[in-house]
Amino acid sequence: MLHYGPRPFLHEMREELERAPCKRITLRPLSPTIGAEIGGVDLGDLDGETFAEIERAHLDYKVIFFRDQDITTEQHLAFARRFGELEEHPFLPSKEGYTKIIRFAKDEDVKGVENVWHSDVSWREQPSLGSVLRAHEVPSVGGDTLFSDMVAAYQGLDDELKAKLEGLRAVHDFTRTFGLLLDPEALAEKQKEFPAIEHPVVRTHPVTGKKAIYVNAVFTSHIVGMEREEGDRLLLLLYSQAAVPEYQCRFRWQKNSIAFWDNRSLQHYAASDYWPQQRVMERVTIIGARPA
Ligand code: SIN
């Protein structure tokens, strides 16, 4: 499906965002529909009105960024906790003394492998609402994170395809990635704890009511009740939407930058172009509702 020329629905989405001015924070969009850098904020010390504007910006822009947030680990956790309960990741390494913080510490020996489009922990019965990622060490250049707007991606599908997706469900399964690192016994144990799970192929955001594509190349295995070849073709078409530049923004990290993204409405991709340099990030992941 060759597409070139404007995608007019992006203009409509942009106009909607412009109807929501901010009073307490500054907001600089990185693209028309996804990603905004927020200023005038200390995440370690937020009053109620500022918090409300941050919450709105997060829903509107799907990922928001903050610079120079030299906050403590406790403040990182406390900020995330304002949005919901925090998860412990059963496979990724955590920060020493903090089971609810994932530590991505990459260097010459530990290579960055998060360079595939995904939505965090979509293999859980209740996948993530959002993730708050903080940069501790960044390479001199490279190591950007890219985000892709799954609401825009859904909007961009033609009506026939939208109708076809109606009511479809797909299976998400951790064994496709984290499972590869486990021996058969440990794998069987973890499968009991985290069985493969079905979610709608298109989910409706519980707050904004907007529809978004909710399958991803890492964790989705197949479409329920569809012949494998046809299902795989459909999944590939849906995955490929994340690669459309008009749906993306890209963030250049600095030490103490923070990104807070909405796993219900986007996918992300950590560029793995900086090896053998060091890149150390810490992520707190907020538990969301079961997708509907
Ligand atoms: C991730 O949550 O997939 C990691 C993102 C990153 O390291 O930029």
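Residues numbered from 1 in each chain as written. Predicted model: local features only at pLDDT ≥ 70, side-chain atom pairs only at ≥ 80, totals over all residues. Heavy atoms only, no water.

**Quick notes on the overall build of the chain**
Broken down by element type, the chain carries seven helices and 16 strands. The C-alpha radius of gyration of the chain comes to 19 Å, within 12% of the 19 Å expected for a compact globule of 292 residues. For the chain, the C-alpha atoms occupy an extent of roughly 50 × 50 × 35 Å along the three principal directions. Counting only residues that meet the buried cut, the chain has 53% of its 292 residues in that class. Pairs at least 24 residues apart make up 81% of the contacts formed inside the chain by residues separated by at least 6 positions. (Helix = DSSP H or I, 4+ residues; strand = E, 2+ residues; numbered from the N terminus. Rg over C-alpha atoms; globule rule 2.2 N^0.38 Å. Buried < 20%, exposed > 50% of the residue type's maximum accessible area, 1.4 Å probe, protein only. Contact = heavy atoms within 4.5 Å.)

**Quick word on the environment of T220**
You can see T220 is positioned in strand β12 (residues 220–223). Overall, T220 belongs to the buried group, its relative accessible area being 0%. On a C-alpha basis, the gap between T220 and H118 in space is 9.4 Å, while along the polypeptide they are 102 residues apart. Ignoring any residue separated from it by four or fewer positions in sequence, one finds T220 in contact with A170, V171, H172, R176, V215, L235 and Y239.

**Things to note about the packing of aromatic side chains**
Within the structure shown, the criterion is met by 21 aromatic pairs. Here F79 and F83 contribute two aromatic rings whose centre-to-centre distance is 5.4 Å and whose plane-to-plane angle is 70°, an arrangement assigned as edge-to-face. Judged by its relative accessible area of 3%, F79 falls in the buried class. A relative accessible area of 13% means that F83 is categorised as buried. Among the aromatic residues, those joined into a ring-pair cluster are F91, W123, F174, F178, F194 and F219. It is R82 that lies over the ring of F51; its NZ or CZ is 4.0 Å from the centre. Over the face of the ring belonging to Y214 we find R203, whose NZ or CZ atom lies 4.7 Å from the ring centre. (Phe/Tyr/Trp six-rings, centres within 6.5 Å; stacked < 30°, edge-to-face > 60°. Lys NZ or Arg CZ within 6 Å of the ring centre and 35° of its normal.)

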